[in-house]
Amino acid sequence: MAVIVALGAFLMTLAGGWTAQRVTDRRHLVLGLAGGLMLGVVGLDLLPESLEAAGRPVFGVPLALLLFVGGFLVAHVVERLLAVRQAAHGAPGGRNGGNGADGGDGVVGRAPQVGMTAAAAMVGHSLADGVALGAAFQVGGGMGTAVALAVVTHDFADGFNTYTLARLYGNARKRALLMLFADAAAPVVGAASTVLFTLPEEPLGAYLSFFAGGLLYLAAAEILPEAHHRHPALSTLMCTVGGVAGIWLVVGLAG
């Protein structure tokens, strides 16, 4: 049953990615929505889950929060180091350097590796979703149904964000689609793996904390500023708020 539900998540992920690539003429709205979805996933889904799973304190601070801040800082350091390296090799920098690679979907001066790393982290998150789905069905039908609702509905946002992150940093459409398909397949692989083993709760919570910090950095420092840079419109802001509200609705229904 978990694998069957994961196949539904597979289709929802592809639908999210398809939506992201079909609305390129409203790119500011896409980025505004992606930022809101990512903010909602971090604050309303990943962080509460990780605090519950990996919440033991280290020197007075929950381990989950330390890893969350660490993930934010690592994402910032990696993005800056890659940008410096790219500038040293003669690439123009800044947000206003002209059209990005591959038809203007990316931004010149941003390292494509950052986008691929962020997309790969989304794949890892989806893999963890699949493992959680399989484990929930091992516990019982009621728990499995609740987790299934959460996984299937928010995998639309995962697919949307995976494709958007890859393209935002100037990666070719083919590479973005490859990451999208990997993200779609990840829940199926994760759910199937629970036939052989179950991932311990604390390491899973630690991973989710670290991933949430990196995701928050990308949303707050990269995606949302880019969304409002050329189109500081109310519609962009409403897309961001709508993204957060949509994740809140998903979390509420799953609970």
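Keep in mind that what you see is a predicted model, and the values were worked out from it rather than measured. (Residues numbered from 1 in each chain as written. Predicted model: local features only at pLDDT ≥ 70, side-chain atom pairs only at ≥ 80, totals over all residues. Heavy atoms only, no water.)

Asks: Is there a simple way to explain the side chain of N161 in this structure?
Replies: Note that N161 resides in helix α6 (residues 141–168). In contact with N161, other than residues within four places in its own chain, are A34, L37, M38 and M122. (Helix = DSSP H or I, 4+ residues; strand = E, 2+ residues; numbered from the N terminus. Contact = heavy atoms within 4.5 Å.)

Asks: Would you take a moment to explain unusual backbone geometry for this structure?
Replies: Excluding glycine, most residues fall at negative phi; most peptide bonds, likewise, are trans. Of note, the phi angle at F59 is positive, near 55°, even though the residue is not glycine. Secondary-structure assignment places F59 in the loop between β1 (57–58) and β2 (61–62).

Asks: Looking at this model, I keep getting lost on the packing of helix α2 (residues 27–53) against helix α8 (residues 201–229). Mind explaining?
Replies: Angle between the axes and distance between the axes: these two values describe a pair of packed helices. The geometry of α2 relative to α8 is characterised by a closest axis approach of 8 Å and an angle of 155° between their N-to-C directions. As the angle between them shows, α2 and α8 are arranged roughly antiparallel. Pair α2 / α8 crosses with left-handed handedness. Classifying every residue of the contact of α2 with α8 by side-chain character gives 18 nonpolar, seven polar and five charged. (Axes fitted to C-alpha atoms, helices over the stretch in contact; angles between N-to-C directions. Parallel < 35°, antiparallel > 145°, perpendicular 65-115°, else oblique. Left-handed = near helix turned anticlockwise from the far one by under 90°. Nonpolar A, V, L, I, M, F, W, Y, C, P; charged D, E, K, R; others polar.)

Asks: Could you clarify how one ought to interpret a nonpolar patch on the surface in this entry?
Replies: There is a patch of nonpolar side chains on the surface, built from L51, V58, F59, V61, L65 and L66 and spanning about 530 Å² of accessible area. Mapped onto the secondary structure, L51 falls in helix α2. Overall, L51 belongs to the partly exposed group, its relative accessible area being 33%. (Patch = residues over 30% accessible without salt bridge, like charges linked within 9 Å, V, L, I, M, F, W, Y side chains within 5 Å. Areas by Shrake-Rupley, 256 points an atom, 1.4 Å probe, with all protein chains shown as cover. Salt bridge = Lys/Arg side-chain N within 4 Å of Asp/Glu carboxyl O. Buried < 20%, exposed > 50% of the residue type's maximum accessible area, 1.4 Å probe, protein only.)

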